[in-house]
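Coordinate analysis (summary)
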Amino acid sequence: QVQLVESGGGLVQAGGSLRLSCAASGSIFSINAMGWYRQAPGKQREYVARITSGGSTNYADSVKGRFTISRDNAKNTVHLQMNSLKPEDTAVYYCNARIVVSTTLRSYDYWGQGTQVTVSS
């Protein structure tokens, strides 16, 4: 059993900052890529950022230069520092991780429950 639990969402004014965190726990052998996605009301879930186990990062064009993804491999956590937030960043943010489960040594995609980020204008 593996769980991803997000934290750090909330309400912020445009131009402000928030830091999201996601902690993985359970029967984990190793974690490959970790990332963040978001889903705004009435829209499909979209990719935000990704970080590999080696620390290589990738961002959606819409957040490049404003968001920074990082991870702590020792704590099985991933963070998303969001600066210069805009009203269009309002969405539910989901953590995603590709995890090798210790009981089977097979890898699966896991998702967190989501955390709401609301940016007021």
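Because the structure is a prediction, the values reported are computed rather than measured.

1. Brief notes about unusual backbone geometry
With a phi close to 55°, N76 is a non-glycine residue in the positive phi region. Looking at where N76 falls in the secondary structure, it is placed in the loop between β7 (67–72) and β8 (77–82). Even without glycine at this site, L105 takes up a positive phi of about 60°. If you trace the backbone, L105 turns up in the loop between β9 (91–101) and β10 (107–111).

2. Here we look at the environment of V5
If you trace the backbone, V5 turns up in strand β1 (residues 2–7). A residue is classified by how much of its surface remains accessible, and V5, at 42% relative accessible area, is partly exposed. C-alpha separation for the pair V5 and C22, spaced 17 residues apart in sequence, amounts to 5.4 Å. Those residues in contact with V5 that lie beyond four places of it in its chain are S21, C22, A23 and Q113.

3. A closer look at the state of the cysteines
According to the stated counting rule, one finds one disulfide in the structure shown. Through a disulfide, C22 is tied to C95; the S-S separation comes to 2.1 Å. Taking the sign of the torsion about the S-S bond as the criterion, the disulfide between C22 and C95, at about -80°, is left-handed. Placement of the pair is C22 in strand β3 (residues 18–26) and C95 in strand β9, with a sequence separation of 73 residues.

Conventions used here
- Residues numbered from 1 in each chain as written.
- Predicted model: local features only at pLDDT ≥ 70, side-chain atom pairs only at ≥ 80, totals over all residues.
- Heavy atoms only, no water.
- Helix = DSSP H or I, 4+ residues; strand = E, 2+ residues; numbered from the N terminus.
- Buried < 20%, exposed > 50% of the residue type's maximum accessible area, 1.4 Å probe, protein only.
- Contact = heavy atoms within 4.5 Å.
- Disulfide = S-S within 2.5 Å.

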